[in-house]
Amino acid sequence: MSEISVEISGLKKSFGSLDVLKGIDVTVNRGDVVCIIGPSGSGKSTLLRCVNLLEEPNAGKIVVNGVELTDPDVDIDRARTKIGMVFQSFNLFAHLNVLANLTVAQRKVLKRSEKEAQEIALRNLDRVGLKEKANSMPAQLSGGQQQRVAIARALSMDPDVMLFDEPTSALDPELVGDVLGVMRQLADEGMTMLVVTHEMQFAREVADKVIFMDGGYIVEEGPAADVIGNPQEPRTQEFLARVLDPTHHGPSDPV
Amino acid sequence: MALSKRKRAEYFRYSQYTLLAVIAVVIAFLADWEQIRTAFFNFKTMGEMFPNVITIALKNTLIYTALGFAFGLALGLVLALMKLSSIAPYRWIATVYIEFFRGIPALLVFIGLAFGVPLAFQIQFDIYSTVMLALGIVGAAYMAETIRAGIQAVPKGQVEAARSLGMSQGRAMITIVIPQAFRIILPPLTNELILLTKDSSLIYIIGLARDQYELTKFGRETLSRSPSLTPILVVGLCYLIITLPLGYLSRYLERRSGGKKVSVL
């Protein structure tokens, strides 16, 4: 399992005068789960959104499965079909029912037949445990169900890599488990995953590698047991202490 | 004895009703009902207007409006997309178009198309083309702004999800954004249809054959041979047959969409 799936080098991104990413290098091996943690504003979502070029990097190189996405001549639409993305706010197509949400891109982008697209869609709905919701509209589903449909939608394109942008942050606490369960199952099946999350338990149990980001830099990275269990950098220690044991700390010091 | 606040409000309400009743009674007594009847309710004239007022005039009004609305909607969509384009000259052209045709009376467009264009370009439009172009050109200017607002009201995440599934910008627009935008703007578009129904009367400026009459022209024509204003009343009611259900439909759609308001300007 040493084949490289995602390789990011020297990635820089700024919004106007605000530098969000200040030189990021990340390597994700095929079949690995990499969790990105860090405080809000640290640039972790921007990093993830650069991987499928939803944000255009200012500098650096991004290679996914041997295709350099930062090459100006790359067919980005084609490349994106191999990179699944799951959003914090689900973003299911509100005017289409669940089945159509899963088939529309298969039909229009991959040019699959209606029959084939539906078979694949139903198989993936079954994977996330929502086969019986195929004819529901997104608005009729709970947040947790919507997010699982969104995962099934991304899977229906047969991606090589899946990107998760805080997939459980908009969910009621009791619905988080359903989504994390589906993600864990995906990881067990060998999907390559890049996950921005605040779920430390998930990161600790599922991630092959954890990256801690702050202020546009990677502060610390390594196996989950090291970064979460025994962090070396003071900034990581401080962040984890606040996240894992929030009631035993005073307000943060003024910067 | 001082009245309580509640009692005072009650008496005030009663006095309003009494006042309205008195005004109604006074009008009823003062009005010369016989004269009003002969002015507006000449049953003989009414009888003569049927069935042509329905089979010709109402039918033509519906056809002219539908043609104008269809063309206006298509042109309005193009203008809305131009207005949102990243290519600056497209935006300029759309803006100039919208400001120009929103700012002049629709009648001028009818005159221009019926008399100006044939003179300048040696093209003679038939009646259907003229009304479709004229109503469409004016309607498009209004609808473009509505459609643009609808497109912008579709959450950005919808486009991001579509793009992340490999759809191109254009494909995402056609398959994901525009269908949702039209759901949002259905109520204001219905209002636009009502306005066009009334504007279709402006076609009178062109000479029409008898079987091309729409409601207003039909009413005026009948009026010239009639001793009373009855024809005007009849065609007015015919307009209401079209516009009242549309108004009701518009409010129903607005309620169903959860009262989501789209700012047009």
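Digging into the overall build of chain A
Scanning chain A from terminus to terminus reveals 9 helices and 10 strands. Compactness check: chain A gives a C-alpha radius of gyration of 18 Å against a globular reference of 18 Å for 255 residues, within 12% of the reference. In terms of its C-alpha atoms, chain A occupies a principal-axis envelope of roughly 55 × 45 × 40 Å. Relative to its full complement of 255 residues, chain A shows a buried share of 52%. Partitioning the contacts of chain A with sequence separation of at least 6, the portion at a separation of at least 24 is 65%. Put simply, chain A has 26 plus and 37 minus side-chain charges, and the middle of one group is 7 Å from the middle of the other.

Digging into the sheet that holds strand 6 (residues 83–86) of chain A
Residues and elements named next belong to chain A. Taken in spatial order, the 6 strands make up an open sheet running 6-7-8-3-9-10, and their pairing is mixed. Edge positions in the sheet fall to strand 6 and strand 10 (217–222), since each has one partner strand and no second. The sheet shows a mean angle of 15° between the axes of neighbouring strands, taken without regard to direction. As paired strands, strand 7 (residues 161–165) and strand 8 (residues 192–196) are joined by 5 bridges and run parallel to one another. Its bridge partner being in strand 8, methionine 162 is matched across the sheet by methionine 193. Contacting strand 6 and strand 7, helix 5 (residues 143–155) crosses the sheet at an angle of about 170° to strand 6.

A short note on a nonpolar patch on the surface
Residue and element names in this part refer to chain B. Together, Trp33, Ile36, Phe40, Phe41, Phe43, Leu229 and Ile232 line one region of the surface with nonpolar side chains, adding up to about 650 Å² of accessible area. Here the nonpolar patch gets 3 residues from one element, more than from any other, and that element is helix 2 (residues 33–40). As for its position among the elements, isoleucine 232 is in helix 11 (residues 230–256). Owing to a relative accessible area of 37%, isoleucine 232 belongs among the partly exposed residues under this scheme.

A short note on the side chain of Gln180(B)
Looking at the secondary structure, you find Gln180(B) in helix 9 (residues 169–199). When neighbours within four sequence positions are excluded, Gln180(B) is seen to be in contact with Phe93(A), Ala94(A), His95(A), Val154(B) and Gln158(B).

Description of the sheet that holds strand 1 (residues 4–15) of chain A
Residues and elements named next belong to chain A. Read across the open sheet, the 4 strands follow the order 2-1-4-5; overall the sheet is antiparallel. Pairing within the sheet leaves two strands with one partner each, and these edge strands are strand 2 (18–29) and strand 5 (67–68). Direction of pairing for strand 1 relative to strand 2: antiparallel, over a ladder of 9 bridges. Of the residues in strand 2, the one forming a bridge with isoleucine 4 is asparagine 29. Together, strand 1, strand 2 and strand 4 (59–64) form the strand contacts of helix 1 (residues 44–51), whose direction differs from that of strand 1 by roughly 120°.

As for the side chain of Glu192(B)
All names here are of chain B. Summarising the element assignment, glutamate 192 is placed in helix 9. The side chain of glutamate 192 is buried and forms no salt bridge, while arginine 102, the nearest opposite charge, is found at 9.0 Å. With near-sequence residues (within four places) excluded, glutamate 192 lies in contact with Gly139, Tyr142 and Met143.

Concerning empty space enclosed by the protein
All names here are of chain A. Within this structure, the stated rule accounts for 1 cavity of 30 Å³ or more. As a volume, the largest cavity reaches approximately 30 Å³. Taken together, Arg127, Val128, Leu155, Val182, Gln185, Leu186 and Glu189 make up the full set of residues lining the largest cavity. No other element matches helix 6 (residues 173–188), which puts 3 residues into the lining of the largest cavity. Looking at the lining of the largest cavity residue by residue, the class counts come to 4 nonpolar, 1 polar and 2 charged.

Quick word on the interface of chain B and chain A
Counting from both sides, the interface comprises 17 residues of chain B and, opposite them, 22 residues of chain A. Buried area between chain B and chain A, both sides added, is near 1700 Å², and the carbon and sulfur share of it is 61%. Ranking the residues of chain B by area buried against chain A places Glu160(B), Ser164(B) and Leu165(B) at the top, with a combined share of 35%. On the surface where chain B and chain A come into contact, there are 2 salt bridges. Run the count over chain B and chain A and you get 6 residue pairs in polar contact (both at pLDDT 80 or more). For the side of chain B that touches chain A, the secondary-structure elements that each account for two or more residues are helix 8 (156–164) and helix 9 of chain B. For the side of chain B that touches chain A, the element with the most residues is helix 8 of chain B, which contributes 7 residues. Looking at the side of chain B that touches chain A residue by residue, the class counts come to 6 nonpolar, 7 polar and 4 charged.

Things to note about unusual backbone geometry
Omega for the peptide link from Phe50(B) to Pro51(B) comes to 0°, which places this bond in the cis form. With respect to the secondary-structure elements, Pro51(B) resides in the loop between helix 3 (43–49) and helix 4 (52–83). Even without being glycine, Phe90(A) reaches a positive phi, approximately 65°. Within the secondary structure, Phe90(A) sits in the loop between strand 6 and helix 3 (98–108). Given a relative accessible area of 11%, Phe90(A) falls into the buried group. Positive phi values are uncommon outside glycine, yet Gln122(B) reaches one of about 60°. Structurally, the position occupied by Gln122(B) is in the loop between helix 6 (106–121) and helix 7 (127–153). Given the relative accessible area of 68%, Gln122(B) is considered exposed.

Focus on the packing of aromatic side chains
Two descriptors summarise a pair of aromatic rings, namely the distance from one centre to the other and the angle between the planes of the rings. Residue and element names in this part refer to chain A. Taken as a whole and assessed by the stated rule, the structure comprises 4 aromatic pairs over all chains. Consider the rings of phenylalanine 212 and phenylalanine 239, whose centres lie 5.1 Å apart with planes at 45°: the pair is tilted. Placement of the pair is phenylalanine 212 in strand 9 (residues 209–214) and phenylalanine 239 in helix 9 (residues 234–244), with a sequence separation of 27 residues. Owing to a relative accessible area of 0%, phenylalanine 212 belongs among the buried residues under this scheme.

Describing the packing of helix 7 of chain B against helix 9 of chain B
All names here are of chain B. Close contact between helix 7 and helix 9 brings their axes to 8 Å; oriented N to C, the two are set at 140°. Every pair of crossing elements has a handedness; the one defined by helix 7 and helix 9 is right-handed. Two secondary-structure elements touch here, helix 7 through Leu135, Gly139, Tyr142, Met143, Thr146, Ile147, Gly150, Ile151 and Ala153 and helix 9 through Met173, Val177, Ala181, Phe182, Ile184, Ile185, Pro188, Leu189, Glu192, Leu196 and Asp199. Residues belonging to the contact of helix 7 with helix 9 are distributed by class as follows: 15 nonpolar, 3 polar and 2 charged.

Definitions and limits used
- Residues numbered from 1 in each chain as written.
- Chains lettered and ligands numbered in written order.
- Predicted model: local features only at pLDDT ≥ 70, side-chain atom pairs only at ≥ 80, totals over all residues.
- Heavy atoms only, no water.
- Helix = DSSP H or I, 4+ residues; strand = E, 2+ residues; numbered from the N terminus.
- Rg over C-alpha atoms; globule rule 2.2 N^0.38 Å.
- Buried < 20%, exposed > 50% of the residue type's maximum accessible area, 1.4 Å probe, protein only.
- Contact = heavy atoms within 4.5 Å.
- Lys, Arg positive; Asp, Glu negative; His and termini not counted.
- Charge placed at Lys NZ, Arg CZ, Asp CG, Glu CD.
- Pairing = 2+ DSSP bridges.
- Axes fitted to C-alpha atoms, helices over the stretch in contact; angles between N-to-C directions.
- Patch = residues over 30% accessible without salt bridge, like charges linked within 9 Å, V, L, I, M, F, W, Y side chains within 5 Å.
- Areas by Shrake-Rupley, 256 points an atom, 1.4 Å probe, with all protein chains shown as cover.
- Salt bridge = Lys/Arg side-chain N within 4 Å of Asp/Glu carboxyl O.
- 1 Å grid on protein atoms, 1.4 Å probe; cavity = no way out; pocket = protein on both sides within 12 Å on 5 of 7 lines; lining within 4 Å.
- Points joined across faces, edges and corners; volume = space filled by probe spheres on them.
- Nonpolar A, V, L, I, M, F, W, Y, C, P; charged D, E, K, R; others polar.
- Buried area = accessible area lost by both parts, 1.4 Å probe.
- Polar contact = N/O pair within 3.5 Å; in protein donor to acceptor, adjacent residues only side chain to side chain.
- Phe/Tyr/Trp six-rings, centres within 6.5 Å; stacked < 30°, edge-to-face > 60°.
- Left-handed = near helix turned anticlockwise from the far one by under 90°.

The values reported here are purely geometric and, on their own, carry no functional implication.
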